Amino acid sequence: MSLLAKLAVYSLLATSVVCLQFPFKLPFFKQKEELLIENQLTAPVTPRIAIVGAGAAGSSAAFWISKAKERFGIDVEIDVYERASYVGGRSTIVYPYNDTTLAPMELGASIFVDANKNLMRAAKEFNLTLKDFIDEFADTGLWDGQKFNIVLNEGTYSKSWWTTLKVLWRYGYSAPVKTRAIVKNMIADYISLYTAASPRWDDVAGLVERMNWTDFVNSTTLEYLSSKGIAEKWSREMVEAATRVNYGQGTCSLAATGASAVRDGNFLIFENFLNRSGANVYLNTETFFASQASSRWIIHTTSGSRIYNAIILAAPFHHTNITVPSDLAELIPPQPYVRLHVTLLTTKSESTNPVYFGLSPDEKIPKVILTTHEGVRNGGVEPEFNSISVHGQIQKVPGSADEDPEWKVKIFSKERVSDEWLEKVFGKVGWVYRKEWDAYPVLPPTTKFPPVRLDQGFYYVNAFEPFISTMETETIASRNVVDLLLHEEFGSGICGSQLSGPETGEGDASRDEGSEDFVLGWDC
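This structure is a prediction, so every number in the text was calculated from the model and none was measured.

**Structural notes on the side chain of E406**
Move 1: Following the sequence through the fold, E406 ends up in the loop between strand 16 (387-393) and strand 17 (407-413).
Move 2: A polar contact of 2.8 Å, which involves the side chain of E406, links it to the side chain of Y97.

Right, here's the structure in full:
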């Protein structure tokens, strides 16, 4: 696949997550009726840590704590509170036609990439089957609301060469090559967070500065790429189209390659984090107040109250409705989120209707259609969707009543798409599932972030979210929080007593610190 196609497709796919609900319950987690029986505020004999939120951040935080318990015998109990009835936060699946014999479709956090070492390692350690998306995204078109600016056809040697020539003709050689170099350098900096020498931070701005990313986060991607001498047409079309799908807000991120997902749902990673952590997981439990008592904290939930040595807030503060002391609340500025609509559907049409795009009925339409705002900037019309992607056929059970092939489709849009619009674009539509959500944080240029450590014994994982917001970075941020907390409370972290790096000879030495397989937290 060409560089251009990879940049567009993987930037589309390698991102964060959506808050929705599983169509089933998890029997090995405690439901609301099994919660705290006693409401006595007595100090615990065994130290306890409360984690609020059971998504990527909260589940991985519990897992990192369990690693320290396993390696160094830290004696601590973990309680995880989740107001929903499911684990996974903004990652969930649905089944076409509510038929669990069919392969599920991801509603939220769809993809992670090779550079996401925690998720990749988790899938391997937990024996989860991965699937890749290379073939599904072989043909990609860029739509500006009135015309396709470029269509990338892959799959054969001749098509690949033709795609390369089209890219060079429209954008030149310099822009793709320079962009690739920028992404490569940023990924190299990012990968350092998995090494034994990874910094620990209680100030995200300090981490950004240490990684030499201040210029990047303090400007839009368009501005940043322009400052690096990259052609505006490339940035405003290809880069914007890819990141517009990620965050629904114009250019804001670049990503690496190697798109994968857990075949049966990415939520299984977070379910395994919790199941293997030994944590007490309380579902259907609203946490509405956290108060301080001397050097301890009291968590008040819909099912009672309990004293804790420390709290990890692993959910967006302003979405939790938790009341905390006013001086702490003032440290966390409101974080706006992008409102998006996702529409999943099945159709007997193998692709979208060419007539909708102003083409003849026999024209071939690409499987993936990204969009750009460039047409609007030039006086054109706004695309009616952010992206459309056809994800292959539904594998039906032989002998079923309707064995005619159907294709799975995923649409992101700013507004709800109507049944009439779907019929116009796809013809006959079978199953449809719609969801509207606050999908991702708005990420304007900034160098100011909430503190990671709000107070002694009170840590905020989502302080990292205004910097980068993905499933993977939530697991990195939670590892950092757990390490800081354990050092503060117990004098020893995930990999030993040294805050700046793992303790020599301690922990799992099965992987050499200098090897590519080494992943800090999993290895020490």
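Past the structure itself, the notes keep going.
**A few points about the sheet that holds strand 7 (residues 148-153)**
Move 1: The strand order across the open sheet built from seven strands is 7-6-15-16-17-14-18, with neighbouring strands paired in mixed fashion. Every other strand in the sheet has two partners, leaving strand 7 and strand 18 (429-441) as the edge strands with one partner each. The mean angle between the axes of side-by-side strands here comes to 15°, regardless of whether they run parallel or antiparallel.
Move 2: Of the pairings in the sheet, the one linking strand 16 to strand 17 comprises five bridges and is antiparallel in character. Each bridged residue has a counterpart across the sheet, and for V390 the counterpart in strand 17 is V409.
Move 3: Sheet contacts for helix 14 (residues 419-426): strand 14 (337-347), strand 16, strand 17 and strand 18; angle to strand 18, the most-contacted strand, approximately 115°.

**Quick notes on the environment of A56**
Move 1: Take A56: it is sitting in helix 2 (residues 56-72).
Move 2: Judged by relative accessible area, which is 10%, A56 ranks as buried.
Move 3: Once you skip the residues sitting within four places of it in the chain, A56 turns out to touch G88, F270, M471, E474 and T475.

**Points about helix 2**
Move 1: With 17 residues, helix 2 extends 24 Å from end C-alpha to end C-alpha; this agrees with the ideal 24 Å at 1.5 Å per step.
Move 2: The element helix 2 is largely enclosed, with a buried count of 14 among its 17 residues.
Move 3: Just downstream of helix 2 lies G73, where phi reads positive at about 70°.

**Structural notes on the packing of helix 2 against helix 10 (residues 267-277)**
Move 1: At a minimum axis distance of 8 Å, the contact between helix 2 and helix 10 shows a crossing angle of 35°. Considering how the two elements wind past one another, helix 2 and helix 10 form a crossing that is left-handed. Along its contact with helix 2, which presents A56, S59, S60, A62, F63 and S66, the element helix 10 presents F270, F273, L274, R276 and S277.

**A word on the state of the cysteines**
Move 1: By the definition in use, this model includes one disulfide.
Move 2: Note on cysteine connectivity: C495 is disulfide-linked to C524, with sulfurs 1.8 Å apart. Residues C495 and C524 share a disulfide whose torsion about the S-S bond is about -70°; that sign makes it left-handed. You can see C495 sitting in the segment after helix 15 (471-490) and its partner C524 sitting in the segment after helix 15, a full 29 residues away along the chain.
Move 3: Assessed through its relative accessible area of 4%, C495 is described here as buried.

Analysis parameters
- Residues numbered from 1 in each chain as written.
- Predicted model: local features only at pLDDT ≥ 70, side-chain atom pairs only at ≥ 80, totals over all residues.
- Heavy atoms only, no water.
- Helix = DSSP H or I, 4+ residues; strand = E, 2+ residues; numbered from the N terminus.
- Polar contact = N/O pair within 3.5 Å; in protein donor to acceptor, adjacent residues only side chain to side chain.
- Pairing = 2+ DSSP bridges.
- Axes fitted to C-alpha atoms, helices over the stretch in contact; angles between N-to-C directions.
- Contact = heavy atoms within 4.5 Å.
- Buried < 20%, exposed > 50% of the residue type's maximum accessible area, 1.4 Å probe, protein only.
- Expected span 1.5 Å × (residues − 1).
- Left-handed = near helix turned anticlockwise from the far one by under 90°.
- Disulfide = S-S within 2.5 Å.

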